[in-house]
Amino acid sequence: MLISPALAAAINTQIGNELAASLQYHQIAAHFHDLHLLQLATLFHKQAAEEREHAEKLLKYVVDTGGGLRIPAVRQPVHSFPNAEAAVEAALSWELEVTGQIKGLMDIAASESDYLAQGFLQWFVDEQLEEVTKMQRLLGVIRMSGERNLLSVEAYLVHGS
Ligand code: FEO
């Protein structure tokens, strides 16, 4: 076995977190779809697909290292948001939380001198910079436009992002 039981358990937990994020982002996409804001909807559907890929990368790692795959129960997503700003705030807050979760995995790998896991997890560390930055920028643009002018955010996503 190329992974400790502690790290395998933590990665299994993270698989559930990533799947929960995927479902949450589909739900946020639906919020924008209902408002006919299709660029925002597409952005979140794509983000949902990325989260699923993150879960699959982790899943493959646990299987390949012999840690034993144990997919946990997945948290139910929040179904509605009062406005666009609240939906994107939730996404940013989620990404900051995931950044902390990935750091926790890296801390376990480092404490165990597990260099294989550290190499694997570095991709997730780098990915979180991209994910947090993406949501911070989007939130900034939504706050600038205001709820009544979300069509300008749609135009930004087509031309400016
Ligand atoms: Fe898988 Fe958006 O972090």
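See the structure shown above.
Below is a short write-up of the structure. (Residues numbered from 1 in each chain as written. Predicted model: local features only at pLDDT ≥ 70, side-chain atom pairs only at ≥ 80, totals over all residues. Heavy atoms only, no water.)

This next bit is on unusual backbone geometry. Phi angles above zero are rare outside glycine, and H36 is one such case at about 65°. Assignment of secondary structure puts H36 in the loop between α1 (5-34) and α2 (38-64). Within the chain, S113 stands out as a residue other than glycine whose phi angle is a positive 50°. The residue S113 is located in the loop between α3 (84-111) and α4 (115-145) in this model. (Helix = DSSP H or I, 4+ residues; strand = E, 2+ residues; numbered from the N terminus.)

What follows covers the nonpolar core. Core analysis: the largest hydrophobic core is formed by 48 residues, its most contacted members being Y25, F32, F44 and L138. Ranked by residue count, the leading element in this core is α1, at 12 residues. Setting aside residues no more than four positions away along its own chain, F32 makes contact with L37, L40, A41, F44, A84, A87 and V88. (Core = buried A, V, L, I, M, F, W, Y, C linked by side-chain atoms within 4.5 Å. Buried < 20%, exposed > 50% of the residue type's maximum accessible area, 1.4 Å probe, protein only. Contact = heavy atoms within 4.5 Å.)

Contact geometry for α2 and α4: axes closest at 12 Å, N-to-C directions at 165°. Our classification of the angle between α2 and α4 gives roughly antiparallel. You can see that α2 and α4 cross each other, and the crossing is left-handed. Listed contacts from α4 to L40, L43, F44, Q47, E50, E51, H54, K57, L58 and Y61 of α2 are L116, A117, F120, W123, F124, E127, E131, K134, M135, L138 and I142. When its residues are assigned to classes, the contact of α2 with α4 shows 13 nonpolar, 2 polar and 6 charged. (Axes fitted to C-alpha atoms, helices over the stretch in contact; angles between N-to-C directions. Parallel < 35°, antiparallel > 145°, perpendicular 65-115°, else oblique. Left-handed = near helix turned anticlockwise from the far one by under 90°. Nonpolar A, V, L, I, M, F, W, Y, C, P; charged D, E, K, R; others polar.)

Bringing helix α5 (residues 150-159) into the picture now. Here α5 has its buried residues at L150, V153, E154 and L157. The buried residues of α5 all sit within an arc of 105° when viewed along its axis, so they share a single face. Opposite the packed face of α5, turned more than 90 degrees from it, sit the exposed residues L151 and H159. Where α5 is buried, its residues touch α2, α3 and α4. (Arc of directions from axis to C-beta.)

Let us now look at a nonpolar patch on the surface. Taken together, the side chains of V63, L69 and I71 define a hydrophobic patch exposed on the protein surface, amounting to about 230 Å² of accessible area. Along the chain, the position of I71 falls in the loop between α2 and α3. With relative accessibility at 46%, the residue I71 sits in the partly exposed group. (Patch = residues over 30% accessible without salt bridge, like charges linked within 9 Å, V, L, I, M, F, W, Y side chains within 5 Å. Areas by Shrake-Rupley, 256 points an atom, 1.4 Å probe, with all protein chains shown as cover. Salt bridge = Lys/Arg side-chain N within 4 Å of Asp/Glu carboxyl O.)

The full count for this structure, using the stated rule, is 6 salt bridges. Two residues, E56 and R52, come together in a salt bridge whose shortest N-O distance is 3.4 Å. You can see E56 and its partner R52 sitting in helix α2, 4 residues apart, about one turn around the helix. According to the relative accessible area criterion, E56 is partly exposed, its value standing at 42%. Connected through salt bridges with shared partners, the residues E85, E89 and R143 form a single ionic network.

Purely spatial values, then, with no claim about function.
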